[in-house]
Number of protein chains: 8
Amino acid sequence: MNKGTNILVAIVMGSDSDLPVVKDAAVILEEFCVSYEIIVSSAHRSPDDTLKYVQSARRRGISVIIAAAGGAAHLAGVIASHFPLPVIGIPMATPQLGGVDSLYSTVQMPPGVPVASVGINAAKNAGILAIEILAVSDKLLEKKIVAYKENLAKSTREKSKKLQLLGYKEYTK
Amino acid sequence: MNKGTNILVAIVMGSDSDLPVVKDAAVILEEFCVSYEIIVSSAHRSPDDTLKYVQSARRRGISVIIAAAGGAAHLAGVIASHFPLPVIGIPMATPQLGGVDSLYSTVQMPPGVPVASVGINAAKNAGILAIEILAVSDKLLEKKIVAYKENLAKSTREKSKKLQLLGYKEYTK
Amino acid sequence: MNKGTNILVAIVMGSDSDLPVVKDAAVILEEFCVSYEIIVSSAHRSPDDTLKYVQSARRRGISVIIAAAGGAAHLAGVIASHFPLPVIGIPMATPQLGGVDSLYSTVQMPPGVPVASVGINAAKNAGILAIEILAVSDKLLEKKIVAYKENLAKSTREKSKKLQLLGYKEYTK
Amino acid sequence: MNKGTNILVAIVMGSDSDLPVVKDAAVILEEFCVSYEIIVSSAHRSPDDTLKYVQSARRRGISVIIAAAGGAAHLAGVIASHFPLPVIGIPMATPQLGGVDSLYSTVQMPPGVPVASVGINAAKNAGILAIEILAVSDKLLEKKIVAYKENLAKSTREKSKKLQLLGYKEYTK
Amino acid sequence: MNKGTNILVAIVMGSDSDLPVVKDAAVILEEFCVSYEIIVSSAHRSPDDTLKYVQSARRRGISVIIAAAGGAAHLAGVIASHFPLPVIGIPMATPQLGGVDSLYSTVQMPPGVPVASVGINAAKNAGILAIEILAVSDKLLEKKIVAYKENLAKSTREKSKKLQLLGYKEYTK
Amino acid sequence: MNKGTNILVAIVMGSDSDLPVVKDAAVILEEFCVSYEIIVSSAHRSPDDTLKYVQSARRRGISVIIAAAGGAAHLAGVIASHFPLPVIGIPMATPQLGGVDSLYSTVQMPPGVPVASVGINAAKNAGILAIEILAVSDKLLEKKIVAYKENLAKSTREKSKKLQLLGYKEYTK
Amino acid sequence: MNKGTNILVAIVMGSDSDLPVVKDAAVILEEFCVSYEIIVSSAHRSPDDTLKYVQSARRRGISVIIAAAGGAAHLAGVIASHFPLPVIGIPMATPQLGGVDSLYSTVQMPPGVPVASVGINAAKNAGILAIEILAVSDKLLEKKIVAYKENLAKSTREKSKKLQLLGYKEYTK
Amino acid sequence: MNKGTNILVAIVMGSDSDLPVVKDAAVILEEFCVSYEIIVSSAHRSPDDTLKYVQSARRRGISVIIAAAGGAAHLAGVIASHFPLPVIGIPMATPQLGGVDSLYSTVQMPPGVPVASVGINAAKNAGILAIEILAVSDKLLEKKIVAYKENLAKSTREKSKKLQLLGYKEYTK
C-alpha cells in the first residue's frame, strides 16, 4: 500500500477473508502506479468505522472507492450513500449461491445512489475501472490503458499462433 | 400510528411507494392493539436520518423494528448493524426480478448481524412476527396469537364446508 | 445441552447430518449463557414426534424455536403452525441447488403463519436472533448483545490495522 | 363432488383462492367417472384439520390424494408424511416467483417420503396422473386413458390439417 | 434384476453413468420384494429402442415405469407419451446447473401427458413412489409402507435420544 | 405454405397456440423466397405422428427443421434424435417461468444429438438461421443475407439520425 | 442533445425501443448541465457503425460512454473493448427473463475489459454515475452531487413527516 | 488442425483456457474428416483481430464458425454480426454461475442476428451440428451422420444388455 499524501483510490473489503481475491485490484493499481490504500471495514460489523472512514476519505481527496462484499453485500451501497464520487462494487462469490446474492445486493441500487458493479469476484476489473475513471483527467493514464489493452490483444494473438503451430493436442499437454 | 410514550414496534420503509404493501403490518399491529410508529427512511437516500432514527428508537425503548425495502435492499441490514434487538426484514417485490434481489439482500446477512426475513411482500407476517416476539414476555399477547391461529383454522374449515356444500362449480361463480 | 427447568430456546434439526452446521447456534447460545435443548425431529420422517415435541415445548415454557431443514424444508413452517411464539428457520444448503430450495420453503410462508428466516446455513445468526428476541425483555442480554456487536467492530478494526501494517502481500501469506 | 361410500381420490387445496386452477383436476376426474371429494385445508393455517382429514381419508379407503399449495408449499409433503399411498403435489404459481418456490417446496422431499410432483399449476395433469395410478388395477380406466391419449393425437392432427388448409395467415385471424 | 414373468416396475435410465444414483430405486424395490427390471435406453441416442421397449413393457404387464435422465431430460416424457400407466421421472443432477435443467424438462409436461416427478437425484423416492402406486391395490404392500414410515420415525427418534445423551460435541466427533 | 416438390424447411410447433409467435419464422422464409411447410405436431400428444412426419421429411428432402415448443420442450430433441440434418429449436415463453424451462429443455441436449437453439420466442431468428444454413451451398441466399444484414445497419442508422435531428423529447412523443 | 465541441458523455442504445427508459440518463445529465449526445447503434445490427462511433468518440474527447442493451447485451462490452475510458452499462429489462440475461451479459466481463454496470433499467443511475466520474476532476460537479444527495434525504424526510402527520390511511388515499 | 485450401469450419475460442473443453469439437470434426482450423481470439481482448479473422474467414470460404466463450460471452454474437453463414455458440461453464451467464449471453440474440446455441460446454455437439449443416449439401456426410446416430443407439443397447446380464451390483463395481 502507498501511504503518500496523494492517495487516489481506496479499496475496502467487508472481511479479510476476501483478500486473496480482492488483492488483484491492488496488484493492477500498482502496475499502473496509482496510489491506493486498502482496509477492512464492514457495513454490518463495523458500521461506524465504515462511516468515519468514508467521511475521512472524502476529506483526504480520495477519488474512487472500490468496495468488495459478499452475500447481503451492502458495503458498496453504504459507501455510495455517503460518498459523492464513484464507488465500484465487487460482488464476492458465495459458497451456496455462487455470488448471485452479492451481485443483486451490489448492482440493484435505488435511483439517486448508483454503484458501478463489476462481475463476481472481478477485483482486477474493479482496479482497471478505477484507473479508467482517473484517466478521464489524466492523459498519461489513458495512454497506459490504451497500451494495456493493446497488450491484451497481443497476448491473445500469441496464444493463437502457438496453438496453430503446435495443434491442440500438443498445446493441451 | 400511535404516538404514545410506549411505542413497541417501528415500521420503517425505504420509499413511500412501499406503503400500499407495508401498511398491512400496521393493520395487524392495530388489530392486536400493539403500539407502533411508521416512518419513511432510506438506507441510501437518507442514511444519516436512518442512523439517527435507529439510535433514537433504541433510547425510546422500541423493541422490534420492521424494515421494508426492495432491490439492493439494505435497510433492514443497516438497522440491524446499529440495533441490538430484533429487526424484521420485508423484501419488497421488484418489477424485473420479482423480489428475489430484495430477498437475497435482506436474508443473506453475515455472521453476527442477523435479520429475521419474512417472505416477499409479506408485511402482514412481519407484523405477526413482531407480535410473537413481544408475546415472549406478554402472556396476553400470546393468548391472542393462539386465538388468532385458531381463527385461521376456523375460517379455512368454513370455506371447506361451503365448498363441499356448493360444489366447485357453484363456489367459483 | 442444558437440561434445567428453565429452557428458553429449542434447536430442532430435520436430520442429524445437519449437526455440523447447526451446532453453531448452540455454541453462541452457550456463549451468551442462554439455556437451550437440541433435538433431531423431522417434519416428514417423524411428523407425530415433531408435533408432540412442539406441544410439550409450549407447555414447558420454551420461548423461541430454531428449526433447521433442507430441500423441501417444511420443519420451521410445521412448527410455526403449532407454536404461538417466534420460530426461526435455518435453510440448509443442498448439494444440487445450493439451498435456494430450502430458502424458498422456509421463508415464503402464507399470511398468518410467519417464520423468521435467516440466511442459508446461518446457524450462528439463528442463535443470535434468538438471543435478541429474548433480550426484548432481558436488559442483561441486551447489554451483552451491544457488547457483542462492539466486539465485532473491534475485531474488524484490528484486522484492518494489521493489514495496513503488513501490507496485503505479507498478510495473505 | 361425489359423496359416495367409494371415493377414490381426494383433492385438497391450501386456499380457496386456488380453486379456479385446481378445479381442472376435478373436471378430468369427472370426465373419467372417477369418484372424488374436494376440500380446503391448509398445512399452516389448519394443521390439525389437515392431519385429521388425512387419517380419515386413509380409513375411508381413499387411494390417491392430490394436494395443491403455493409459496412454502408444504401441504403435499405434510400429507405424504401421514399417508401410505400416492400423494400428488400441484405447485401453484405465485405472483412474485412464478411458482418456482412452490415447485421446490413440493418436489425436493427427503428420502423416504416422496411426493409425485406435476408442473406448476398443472391441475389437469394431476387428475390424469391420479387416474393412471388407479388404472394400474382397473383395466377399464387403462383403456380410457389409451383412448384419451389417442384423442390428444387426433385433435393435434386436425389442427395441423386445418393449418395446412388455411395457411397461417388465415388460421391466426 | 428379477426376470420373472410378473415384472411390475421398469427402471429406465438414459445413460449408464446414471447407475450409481439410480440403483437406489432398485435397492428399495428389492427391500419391498417388488419385481423389477432395469435397462439403459436413451430418448435421444436410442429413440427406436426406447419406443419398442415401452410398447413391450405395456404388453408384458409392467405397471409403473421409472425414468431417469439429465439435462434436456426427455426420457420420462417420451415414455409417458406412449404409456398409459404411471411414469415416474428422476431429474438427474447436472454438473453445471445442478439439475434444475433436468427438473424443468421432467416436470413441466403439457396438459394430457403427466410425469410424476420426484426430487433431483431422488432415486430412492422414485422407488418408494412406485411401491405406493402398487400398494393402491395391494394391502400387503400398503402395510409394509406403513411399517417403513414408522421405522423412519423410530430411527429419527433414536438419533435424537443419542444426541441428547451425548451432547452435540460428543455426537459430532 | 408452399406445397411444391422442393420444400427445404419444415416448421413444426407443439401447439397451435404457438402460431402467433412461430409464424415469424414463416414470414422471414417467405421474404427470402425459401420454400417451407408448417405443421402442428406434439412430441407428447401426437408422438407417432411426429415420428412419421420426421421420417417423411427426410425422404422428401427437407434440409432443416425448425421446432417450437414450451415447458418440458422435447419437440426439437425428439426430432433431432431421428433427423440427420440441422434441427433448430425455438424455446417458447411460458407464463410462469418465462421460458427458462423451455430453454433448458431445448438446449441442454446430450452428446451426440445437438439442437441449434435460438433465444426464447425467437422465431424470426430461427427462420434466418435456417436461411444461413441453406446459404452454405446457395450463393444467392448468402448474398441476400449479406444485404439483409446491411439493411439492419441502415435502418438502425436512420433511427439514430432521426433521434439526433428530433432530440429524445420529440422522438418519444 | 447538445452538439457543442465539448461533449463529455455519450449515450448509446441498441434499439430506439429502449428510449423511453434510457432517456432518464439524458434528463439527469441536463439537470446537471453536463453536455452529452445520444445515438442509436447496435453491437449486432450495426457493428461497423458502432465501431466507427467509438473511435470518433475517443478522438472527439468524449469522457464517458453509457451503453444500454437487452438480452445478449453486448453493446457495453463491445464499446469497452475499443474505448480506454469508463463505459457504463445499462442492462435493459427483457419481457421473458426480466433482464437477468441483460445483466449477466453486461456485468460478467473478462479480466482486462471492465464495464461499470448499474441495475436493470437504471438509466437515471447511469447518468448520475457518469456525473460522479466527471466530478473526480470537477469540483463544481462534486458540489452539485453533494447537494443532490442532500436533496434526496430532504425529500425522503418530508415524505416521512407527511406520513406521520396524516397516518397511513390518509396518506395512501 | 488441417491447413488445406479448403477449410470448412473454424473453431474460435475466447481464451486458451477453454481448449480442454473446446477441443472436443475438433476431435469430432476429425472423426468425420471435415477440415477445420482452430484459433484463439477474444471479442473483448482482441476485438480487431477477431473482426479481421471473420472477414478473412468469409473470403477464404469458411462455411460454419464455432465460437466458444464464457461469462459475458459475446464472441459468437460479434462473429454473427459480421458473418452471413451459420455461427454456432458454445456457452462455457463459469465457476460462479455454472455457465448460465454464458448461455444467456450466447442465445438471447436480437432479431436479425441469430446464433445457434448448443448446451453449456457442449463442444462435441457444436462439432456435430457443424457437420449436420455441411451435410445439407453433402450426401456422404449425411450418410455418416446417420451411421453415427445408429452407432449411438447400438452402444446404448450394448450397455443395456451388459447391465441386464451382470445386474446393477456387478455393473457398478
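The numbers attached to residues start from 1 for each chain and follow its sequence in the written order. Following the order in which they are written, the chains are lettered starting with A and the ligands numbered starting with 1. Only residues with pLDDT of at least 70 get local features here, since the model is predicted, and only at 80 or more are side-chain atom pairs given and counted; chain-wide, interface and lining totals rely on the full set of residues. As a convention, hydrogens and water are excluded, and side-chain values are obtained from all of the structure's heavy atoms.

Enquirer: Describe the environment of K173 of chain B, and please don't skip the residues or the numbers.
Expert: Residue and element names in this part refer to chain B. Helix and strand definitions follow DSSP, with helices as H or I runs of at least four residues and strands as E runs of at least two, each counted in order from the N terminus. Looking at the element boundaries, K173 is found in the segment after α6 (139-171). Three labels apply to residues, based on accessible area from a 1.4 Å probe with only protein chains included: buried if under 20% of the type maximum, exposed if over 50%, partly exposed otherwise in between. Using a relative accessible area of 77% as the deciding quantity, one classes K173 as exposed. Residues K173 and P114, 59 residues apart in the sequence, show an inter-C-alpha distance of 46 Å.

Enquirer: Quick rundown of the pattern of salt bridges? Include the residues and the values.
Expert: Residue and element names in this part refer to chain B. Salt bridges are defined by distance alone: a side-chain nitrogen of Lys or Arg within 4 Å of a carboxyl oxygen of Asp or Glu. Applying the stated rule across the entire model yields 64 salt bridges over all chains. Linking K23 and D24 is a salt bridge whose minimum nitrogen-to-oxygen distance equals 3.2 Å. On the basis of relative accessibility, which here comes to 33%, the residue D24 falls in the partly exposed class.

Enquirer: Explain the interface of chain G and chain A to me, using residue names and the numbers behind them.
Expert: Where interface size is quoted, it is often the accessible area lost as the parts come together. The interface of chain G with chain A comprises 40 residues on the first partner and 40 residues on the second. By buried area we mean how much accessible surface two parts lose on assembly, using a 1.4 Å probe and totalling the loss over both. Together chain G and chain A conceal approximately 3300 Å² of surface at their shared face, both sides included; 63% is due to carbon and sulfur atoms. Summed over the shared surface of chain G and chain A, the number is 0 salt bridges. Pairs of N or O atoms within 3.5 Å make up the polar contacts considered here, provided that, within protein, one atom can donate a hydrogen while the other can accept it, and that residues adjacent in sequence are counted only when both atoms are side-chain atoms. Linking chain G to chain A there are 16 residue pairs in polar contact (both at pLDDT 80 or more). Considering every element that reaches the side of chain G that touches chain A, the biggest residue donor is helix α5 (residues 123-135) of chain G, with 8 residues. When the residues that make up the side of chain G that touches chain A are grouped by side-chain class, the tally is 28 nonpolar, 7 polar and 5 charged. The contact criterion used is simple: two residues touch if any of their non-hydrogen atoms lie within 4.5 Å. Side-chain classes are defined by residue name, with Ala, Val, Leu, Ile, Met, Phe, Trp, Tyr, Cys and Pro counting as nonpolar, Asp, Glu, Lys and Arg as charged, and the others, Gly among them, as polar.

Enquirer: So what about the arrangement of the chains? Which residues, and what values?
Expert: Considering only C-alpha positions, the minimal separation of the non-contacting chain A and chain E is 12 Å. No interface is formed between chain C and chain G, the nearest pair of C-alpha atoms being 17 Å apart.

Enquirer: Break down the side chain of T156 of chain D for me, citing the residues and quoting the values.
Expert: Inspection of the secondary structure assignment puts T156 of chain D in helix α6 (residues 139-171). Assessed through its relative accessible area of 7%, T156 of chain D is described here as buried. Setting aside residues up to four positions removed in sequence, T156 of chain D forms contacts with V40, S41, S42, R45 and S46 of chain F.

Enquirer: Which residues make up the relation of the copies chain F and chain G, and what values go with them?
Expert: Alignment of copies: least-squares fit on C-alpha atoms of residues with pLDDT of at least 70 in both copies. Rotating chain F by 90° and translating it 0.0 Å along the rotation axis places it on chain G, where the RMSD comes to 0.0 Å. Within this description, the copies of the chain are treated as partners about a four-fold rotation axis.

Enquirer: Give a detailed account of the relation of the copies chain G and chain A, specifying residues and quantitative values.
Expert: Each copy of the sequence occupies a distinct position, and chain G is placed on chain A by a rotation of 180° and an axial shift of 0.0 Å, giving an RMSD of 0.0 Å. Taken together, these values place the two copies in the relation of a two-fold axis. Of the residues that chain G buries at the interface, 100% are likewise interface residues in chain A, meaning the two copies contact each other through the same surface.

Enquirer: Before we move on, can you summarise helix α2 (residues 47-59) of chain C with the specific residues and values?
Expert: Take the residue count of a helix, subtract one, and multiply by 1.5 Å to get its expected span. With 13 residues, α2 of chain C extends 19 Å between its outermost C-alpha atoms, agreeing within 8% with the 18 Å of an ideal straight helix rising 1.5 Å per residue. Taken together, the buried positions of α2 of chain C are occupied by P47, D49, T50, L51, Y53, V54, S56 and A57 of chain C. Those residues of α2 of chain C hidden inside the fold are in contact with β1 (9-13), β2 (36-40), β3 (64-70) and α3 (75-80) of chain C, α2 (47-59) of chain D together with α6 (139-171) of chain E. Once α2 of chain C ends, the next one or two residues include G61 of chain C, with phi positive near 85°.

Enquirer: Can you explain the packing of aromatic side chains? Please cite residues and give values.
Expert: In this description, an aromatic ring pair is defined by two values, namely the gap between the centres and the angle between the planes. Between the rings of Phe, Tyr and Trp (Trp by its six-membered ring), a pair exists once the centres lie within 6.5 Å; its type follows the angle of the planes, with under 30 degrees stacked, over 60 edge-to-face, and the other angles tilted. This structure, assessed with the given rule, holds 12 aromatic pairs over all chains. The criterion is that NZ of a Lys, or CZ of an Arg, lies within 6 Å of the ring centre and within 35 degrees of the ring normal, and then a charge sits over that ring. The lysine or arginine in question, K162 of chain B, covers the ring of Y171 of chain B, its NZ or CZ lying 4.8 Å from the ring centre.

Enquirer: Lay out the domain arrangement of chain A in plain terms, naming residues and giving numbers.
Expert: All names here are of chain A. Structurally, chain A comprises domain 1 (9-137) and domain 2 (140-173). Domain extents, as shown, originate in an automatic or database domain assignment. Spacing between the C-alpha centres of domain 1 and domain 2 amounts to 29 Å. Listed as interface residues are 11 residues of domain 1 and, on the opposing side, 6 residues of domain 2. Roughly 710 Å² of surface becomes buried between domain 1 and domain 2 when both sides are summed, with 73% attributable to carbon and sulfur atoms. Looking at the side of domain 1 facing domain 2, the largest losses of area belong to F32, E132 and A135, adding up to 61% of the total buried there. Linking domain 1 with domain 2 are 1 salt bridge. Note that K149 and E132 form a salt bridge whose closest N and O atoms lie 3.3 Å from each other. Counting the contacts that link domain 1 with domain 2 gives 2 residue pairs in polar contact (both at pLDDT 80 or more). Going through the elements one at a time, α1 (19-31) and α5 (123-135) are the ones with two or more residues in the side of domain 1 that touches domain 2. A per-class count over the side of domain 1 that touches domain 2 returns 8 nonpolar, no polar and 3 charged.

Enquirer: Just give me the short version of the pairing of strand β3 (residues 64-70) of chain H, but keep the residues and values in it.
Expert: Residue and element names in this part refer to chain H. Among the 7 residues of β3, 6 are classified as buried, and the element is accordingly described as predominantly covered. Both strand β1 (residues 9-13) and β3 contribute to a ladder of 5 bridges, which runs parallel. Note that in β3 the partner of V9 across the bridge is V64. Whether a crossover is right-handed depends on one test, that the path from the first strand over the helix to the second runs clockwise when the strands point away from the viewer. Of the crossover connections in this fold, the one passing from β3 over helix α3 (residues 75-80) to the parallel strand β4 (residues 87-92) is right-handed. At least two DSSP bridges between two strands are needed for those strands to be called paired.

Enquirer: Could you give me a rundown of helix α6 (residues 139-171) of chain C, with the residues and numbers involved?
Expert: Residue and element names in this part refer to chain C. Here α6 spans only 40 Å end to end across 33 residues, well under the 48 Å set by a 1.5 Å rise per residue. We define the bend at any residue as the angle between the axes fitted to the seven residues before and including it, ending there, and the seven starting there. The largest bend along α6 reaches roughly 75° and is located at L165. Taking the backbone nitrogen of L140 as reference, a side-chain oxygen 3.1 Å away marks D138 as the first, capping residue of α6.

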